[in-house]
Amino acid sequence: MNMFEGGPAVVSCHPWLQNGNVYQKTFLPLLGEMKPVFSVVTARIASLKTAFPQLNTVLPSKKGEELVMSCDATRGPPDLEGSKMVHTFLSVLKQAIERRVLNLPLVDNPAIKEDSSKAGRVTGSNLGILFSGGVDSVVMAALADLCLPRGESIDLINVAFGQNRRKEVKSRMESGALEGPDYDVPDRLLSLSSVKELNPARQWNLILVDVTAEEVDRARRDSFSHLVHPLYTVLDDSIGCALWFAAKGTGRMAHSGEMVTSSAKALLVGIGADEQLAGYSRHRQKFKNGGWPNLLAEIDFDIKRISSRNLGRDDRCIADHSREARFPYLDEDVVSFLQQLRIDAKVDLSQPRGVGEKRILREVAVLLNCPSAGAAHKQAIQFGSRVAKVTGLPGEQASDVCRRLDKLADK
């Protein structure tokens, strides 16, 4: 029976990657399943049109035209506080946060309450933020604080993967002074430091999610391996694992040690900041090897592939816990603003780590009274949380096929 009156059903495929394999491997089989339902089906491949301008590729040339400013590396990022550009970016980013926090699914009881289905108690917060303590997550938290009513708590979720303790402390473990794995990984220490710069009038629930190697093996087998699929690399395994455990939101409160589970149904996630603002170490390597043209090409490549490379995987891993990921750095207005800026207005990779990358975002952090977070050097999630040490094997590269995912897929 034709369910459409007045004409055939028209089905459009919007592939993440523009190539024929998508049509042959995915769309045609799906079309075959639909034909028994719809008497007539017209199919077509539709290209996606970006809603933002192309990346500004104007290069810094003559010294007088450069936007590079003097910087004392010992005191943090370049002094751009008076710049209209930085204030405009702050305004655009705040609007992006507002769009994502002013329509939150509400928790019935705002107070912390018991929930027998959760580990510990639930926090009663409507909003959660994946919080590494780096400039990306600190800026999101500070702007969310400006947008939400004062009486609402905000959950800051930090994940760390247990490491074997160093030899020099093993004797203390044997004497009972220390027990179990070490969770003092870089992201954990940075989060404990950065939260102190946030508005003290707000109730910040810093939830410390501690994960053991045994929990990783069990969760990979039972949960996140199929969420990472069809991606398959060692990097996908590590990042998918970290996001899955973080989104679970079960851990101990930093200030009390009490076990709680976040009640937030919406999580702010900082993906997009590193890709657009040269936050990864490979961006620095590209700049070192080929200057501004190489760096621009890498950033453009990252932006164009972010939907297929990151977003599907990340969204599935977070949604598995009935939470919605929201990405303020990928807001169309934010992307449009950054795309139009000259590259040397956004970054200066001649400056050291913690200064030159994401320079404009670091200045936003300074305007938000978070100068230490603005000057902090943070590692990518797989290194900062130490998930790569727990999930990986010696000699593996991030781009290698992850055999652990392969074995599970074959079962």
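Residues numbered from 1 in each chain as written. Predicted model: local features only at pLDDT ≥ 70, side-chain atom pairs only at ≥ 80, totals over all residues. Heavy atoms only, no water.

K.L.:
What exactly am I supposed to notice about the overall build of the chain here?
P.N.:
From N to C terminus, the chain includes 16 helices and 11 strands. Looking at the chain residue by residue over its 411 residues, the buried ones come to 50%. Considering only residue pairs separated by 6 or more positions, the chain has 77% of its internal contacts joining residues 24 or more positions apart. Carbon together with sulfur atoms contributes 52% to the accessible area of the chain, which is approximately 20100 Å² in total. (Helix = DSSP H or I, 4+ residues; strand = E, 2+ residues; numbered from the N terminus. Buried < 20%, exposed > 50% of the residue type's maximum accessible area, 1.4 Å probe, protein only. Contact = heavy atoms within 4.5 Å. Areas by Shrake-Rupley, 256 points an atom, 1.4 Å probe, with all protein chains shown as cover.)

K.L.:
Would you explain the packing of aromatic side chains in this entry?
P.N.:
When we look at a pair of aromatic rings, we describe it by the centre distance and by the angle of the planes. Per the stated rule, a full pass over the model turns up 4 aromatic pairs. Pairing Trp244 with Phe245 gives two aromatic rings, centres 5.0 Å apart and planes at 90 degrees, and the pair type is edge-to-face. Note on accessibility: Trp244 and Phe245 belong to one class, buried. An aromatic cluster of at least three residues, connected via ring pairs, comprises Phe161, Trp244 and Phe245. (Phe/Tyr/Trp six-rings, centres within 6.5 Å; stacked < 30°, edge-to-face > 60°.)

K.L.:
What's the story with the pattern of salt bridges in this structure? I'm lost.
P.N.:
As a working rule, side chains carrying opposite charge can pair if their charged atoms are close by. Evaluated as defined, the whole model comprises 28 salt bridges. Here Arg100 makes a salt bridge to Asp331, at a shortest N to O gap of 2.9 Å. A residue pair is termed long-range when its members are at least 10 positions apart, and Arg100 in helix 2 (residues 84-101) and Asp331 in the loop between strand 11 (324-326) and helix 10 (332-340) qualify at 231 residues. Across this residue pair, the class does not change: Arg100 and Asp331 are buried. Here Arg282 and Glu298 are joined by a salt bridge, their closest N and O atoms 2.7 Å apart. Judged by its relative accessible area of 12%, Glu298 falls in the buried class. Counted as one network, the salt bridges with shared partners bring together Asp217, Arg220, Asp237, Glu396 and Arg404. (Salt bridge = Lys/Arg side-chain N within 4 Å of Asp/Glu carboxyl O.)

K.L.:
For this particular structure, what's the right way to read the nonpolar core?
P.N.:
Nonpolar side chains tend toward joint burial in soluble globular proteins. In this structure, Phe89, Val139, Leu156, Leu198, Leu295 and Leu361 are the most contacted members of the largest nonpolar core, which totals 58 residues. Counting residues in hydrophobic clusters, the runner-up holds 38 residues, among them Leu130, Ile207, Val390 and Cys402. (Core = buried A, V, L, I, M, F, W, Y, C linked by side-chain atoms within 4.5 Å.)

K.L.:
Sorry, what's going on with the environment of Pro186 here?
P.N.:
Checked against the element boundaries, Pro186 lands in helix 5 (residues 186-194). Using a relative accessible area of 31% as the deciding quantity, one classes Pro186 as partly exposed. Sequence separation between Pro186 and Ile381 is 195 residues; the distance between their C-alpha atoms is 9.8 Å. Contact partners of Pro186, with chain neighbours within four places excluded, come to Gln379, Gly384 and Arg386.

K.L.:
What is the right way to read helix 10 from this model?
P.N.:
Residues separated by three or four positions in an α-helix point in the same direction, a consequence of the helix having 3.6 residues per turn. Turning to helix 10, its buried residues are Val334, Val335, Ser336, Phe337, Leu338 and Gln339. At its buried positions, helix 10 is contacted by helix 2, helix 8 (273-276), helix 9 (281-319), helix 11 (343-346) and helix 12 (359-367). Its side-chain oxygen placed 2.9 Å from the backbone nitrogen of Asp333, Asp331 serves as the N-cap of helix 10. (Polar contact = N/O pair within 3.5 Å; in protein donor to acceptor, adjacent residues only side chain to side chain.)

K.L.:
How do you make sense of the confidence of the model for the chain when you look at a structure like this?
P.N.:
Do not read the fine detail of predicted coordinates wherever pLDDT is low. Mean pLDDT over the chain works out to 82, with 74% of the residues at or above the 70 mark. The least confident element of the chain is strand 3 (residues 113-114), whose mean pLDDT is 46; the most confident is strand 5 (residues 127-130), at 98. Under a pLDDT of 50 for its full length, residues 64-82 has, in the predicted model, 43 contacts with residues more than four places off or in other chains. The model gives residues 167-173 a pLDDT under 50, and that stretch makes 7 contacts with residues more than four places away or in other chains. (pLDDT = per-residue confidence, 0-100.)

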